[in-house]
Amino acid sequence: MAGLATAFGSGAMTNPMNDIADNARAMLIIGSNTTEQHPVFGTKIRQAVLKRGAKLVVADPRRIDITEFATLHLRHRPGTDIPLINGLMYIILQQGWEDRDFIANRTEGFDEMKTVINQFPPEAVAALTGVPVEQLFQAAEILATNKPMAVMWAMGITQHIVGVRNVMDLANLQMLLGNLGVPGGGVNPLRGQNNVQGACDMGALPNVYPGYQSVAVGAVRQKFEIAWGATLSEQIGMTVTEMIPGIENGKTKALYILGEDPIMSDPDSRHIRHCLSMCDFVVLQEIFPSETSQYADVLLPGASFAEKDGTFTNTERRIQMVRKAVQSPGEARDDWWIITELARRIFDSGKRPIAEAPFGGWDYTNTSQIMDEIAALTPSYAGVSHERLERGDQLQWPVKDRQHMGTPVLHAGQFTRGKGKFMPIEHIPPQEMPNDEYPFLLSTGRVLYHWHGGEMTRRAQGLMEVYGEALVEINPDDALRLGVNGNHTIRITSRRGSIEAEAWITDRVPPGMVFANFHFPEASANELTIAALDPIAKIPEYKICAVRVERV
Ligand SMILES: Nc1nc2c(c(=O)[nH]1)N[C@H]1C(S)=C(S)[C@@H](COP(=O)(O)OP(=O)(O)OC[C@H]3O[C@@H](n4cnc5c(=O)[nH]c(N)nc54)[C@H](O)[C@@H]3O)O[C@H]1N2
Ligand SMILES: Nc1nc2c(c(=O)[nH]1)N[C@H]1C(S)=C(S)[C@@H](COP(=O)(O)OP(=O)(O)OC[C@H]3O[C@@H](n4cnc5c(=O)[nH]c(N)nc54)[C@H](O)[C@@H]3O)O[C@H]1N2
Ligand SMILES: [Mo]
């Protein structure tokens, strides 16, 4: 699920993990199950709380494990992050805790934003979010009076129709408090996949070339046309959440799927199955046969992370060497090699780029050459090479040239666009809310022991012994009412589908909410989820839909 552009350009942590763990005096974790989903950073945050008394506020509808270490847990209703954040800013302004120098010197648009903030007094916010007024005051005080304060978030913030707005509002909060461009602060999206940051950096997005260089800018396009010896389109492409539904209306005729399992991971699985079965031609490049492979006309065997060389760029913009540790089985090949062979064959069938183009040949023999091309064409990676990484240089982009040591903290002194812009953010409720027929709110996500569609983790015997089937979290009050005490099987039904799974009776979820994962095909949450998209990022609202729950 591709990167989310923020008010500052690309989505990446502005501050390194160790910097936050060492220097933040307060932290806000909002919509991130950090100890289960980012366990390394989760451990560092726990230590910061325990060893040096850093203050931690967690804003999450569920009582996730990290709340045990929180100074304060705000248990707001799902989908009410905007009222919550605006409400905190209301109190900060009322108490005069804002950073007036930062606002005056580094930002614009403050007055417009303030007009919206004025509509979020504590009593109104408490009514919308379910968070008591006293807790709102406590949270505002902890976050505003302990500087620097770092904000961390993940999918609990972005997987909503207001995903982009949520992110912008967190940026508002950090500008209001002057916590940008300083050690121990920042806006910090915790990216999920090992190399999702790198994939976005390399232009695996519909609107940009590598390094977030816009396809709509003529000079940028020209640079790549000369380098690649090709004619490039100025049109913005489609996101994955548009490509697959696009099969139905003929906008998509063929799919080349590389390392994704849309039958498991896209919302509304029944619709996805329907679309894939209608598609003229599907190529799937995978390391295992997956739930999606039965829809593929051609399977291309890729090599796993342990079987190849190259780099991954992590959530704190750190470019890291990956080295081949084991031989690939059978006919598996490096993903880059397969792509190169495909590209060559396409060009040989009539469209070979002009010979003098410096990078037009598709003739790489190793990943170091690919990194040299990246460096030549991508300003933020200009100083990166395998040689430097092998030598042990610790590089976080932007790395401006071969001498530059990288940029651990972004936005020191200046933002990319000059002044940081406050955005007035109003509340929009989720697309589908519970009603009489579907009285429960379903939220979805992950567990510690499994990875997404589970193609890799369901093959690990040790993990299956610990967590061998889908469990759905349900509150004890609801379980009692439905007569499912004693870990019964429950049926969960939405307007799109139905699953049966074992109930995990726990006050991790509040009454009226259930939480399901998408790790097991026989009971995947995505049979139920709704394909409602954020209008800008096109990310689905995986975190909220309405369901009925019954005892089986
Ligand atoms: N073990 C394991 N680790 C993983 C992954 C995995 O599959 N397994 N996947 C990786 C990937 S790609 C990603 S993107 C990350 C995801 O990492 P996370 O985003 O931390 O994981 P999620 O389970 O999606 O849940 C996020 C949190 O959002 C909360 N939440 C739900 N609705 C709301 C809301 O409306 N507001 C707020 N504030 N919070 C809400 C949930 O209760 C949950 O605690 O994890 C990465 N790490
Ligand atoms: N309901 C619900 N759905 C969600 C989410 C949610 O929170 N709730 N989260 C969403 C998010 S944030 C994400 S990131 C997606 C993840 O969704 P996907 O990207 O579809 O899931 P993965 O299981 O990470 O990876 C897909 C496949 O890649 C293969 N693979 C692994 N390594 C390699 C490799 O090196 N080369 C090749 N060619 N293949 C490889 C694996 O075998 C796996 O089957 O799910 C999304 N779906
Ligand atoms: Mo993700």
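Everything numeric here is computed off the predicted structure, so don't read it as measured data. (Residues numbered from 1 in each chain as written. Chains lettered and ligands numbered in written order. Predicted model: local features only at pLDDT ≥ 70, side-chain atom pairs only at ≥ 80, totals over all residues. Heavy atoms only, no water.)

1. Looking at the packing of helix H4 (residues 81–94) against helix H10 (residues 163–176)
For step 1, the next point in the chain: Between H4 and H10, the least distance of the axes is 9 Å, while the angle of their chain directions is 15°. Considering their axes alone, H4 and H10 lie roughly parallel with respect to each other. Crossing handedness for the pair H4 and H10: left-handed. Here H4 contributes Asp 81, Ile 82, Ile 85, Asn 86, Met 89, Ile 92 and Leu 93 to the contact with H10, which in turn contributes Arg 165, Asn 166, Asp 169, Leu 170, Asn 172, Leu 173 and Leu 176.
For step 2, the next point in the chain: Along the lines of polarity and charge, the residues of the contact of H4 with H10 split into eight nonpolar, three polar and three charged. (Axes fitted to C-alpha atoms, helices over the stretch in contact; angles between N-to-C directions. Helix = DSSP H or I, 4+ residues; strand = E, 2+ residues; numbered from the N terminus. Parallel < 35°, antiparallel > 145°, perpendicular 65-115°, else oblique. Left-handed = near helix turned anticlockwise from the far one by under 90°. Contact = heavy atoms within 4.5 Å. Nonpolar A, V, L, I, M, F, W, Y, C, P; charged D, E, K, R; others polar.)

2. Digging into the domain arrangement of the protein
For step 1, the next point in the chain: Annotation of the protein at the domain level lists domain 1 (5–190), domain 2 (196–396) and domain 3 (440–551).
For step 2, the next point in the chain: Centre-to-centre, using C-alpha coordinates, domain 2 lies 31 Å away from domain 3.
For step 3, the next point in the chain: Tallying the contact residues gives 17 residues for domain 2 and 21 residues for domain 3.
For step 4, the next point in the chain: Summed over both partners, the interface of domain 2 with domain 3 buries about 1,500 Å², with 55% contributed by carbon and sulfur atoms.
For step 5, the next point in the chain: The largest contributions to the domain 2 side of the interface with domain 3 come from Met 264, Pro 267 and Asp 268, which together make up 37% of the buried area.
For step 6, the next point in the chain: Here domain 2 is connected to domain 3 by two salt bridges.
For step 7, the next point in the chain: Glu 242 is the salt-bridge partner of Lys 538, the closest N and O atoms lying 3.5 Å from each other.
For step 8, the next point in the chain: If you look at where domain 2 meets domain 3, you find 13 residue pairs in polar contact (both at pLDDT 80 or more).
For step 9, the next point in the chain: Those elements giving two or more residues to the side of domain 2 that touches domain 3 turn out to be helix H13 (240–243), helix H14 (262–265) and helix H15 (269–278).
For step 10, the next point in the chain: Classifying every residue of the side of domain 2 that touches domain 3 by side-chain character gives five nonpolar, five polar and seven charged. (Domains from an automatic or database assignment. Buried area = accessible area lost by both parts, 1.4 Å probe. Salt bridge = Lys/Arg side-chain N within 4 Å of Asp/Glu carboxyl O. Polar contact = N/O pair within 3.5 Å; in protein donor to acceptor, adjacent residues only side chain to side chain.)

3. Digging into the environment of Ser 498
For step 1, the next point in the chain: Mapped onto the secondary structure, Ser 498 falls in strand E18 (residues 498–505).
For step 2, the next point in the chain: Between the alpha carbons of Ser 498 and Arg 548 there is a distance of 9.3 Å; along the sequence they are 50 residues apart.
For step 3, the next point in the chain: If we ignore the near neighbours within four places in the chain, the residues touching Ser 498 are Arg 491, Ile 492, Thr 493, Glu 527 and Leu 528.
For step 4, the next point in the chain: Reaching out from Ser 498, the side chain makes a polar contact with the backbone oxygen of Ile 492 at a distance of 3.4 Å.
For step 5, the next point in the chain: A polar contact of 3.3 Å, which involves the side chain of Ser 498, links it to the side chain of Thr 493.

4. Regarding H10
For step 1, the next point in the chain: The end-to-end C-alpha separation of H10 is 20 Å, in line with the 20 Å expected for 14 residues at 1.5 Å each.
For step 2, the next point in the chain: For H10, the tally of buried residues reaches 13 of 14 residues, placing the bulk of the element in the interior.
For step 3, the next point in the chain: Looking one or two places after H10, you find Gly 178, whose phi comes out positive at around 65°. (Expected span 1.5 Å × (residues − 1). Buried < 20%, exposed > 50% of the residue type's maximum accessible area, 1.4 Å probe, protein only.)

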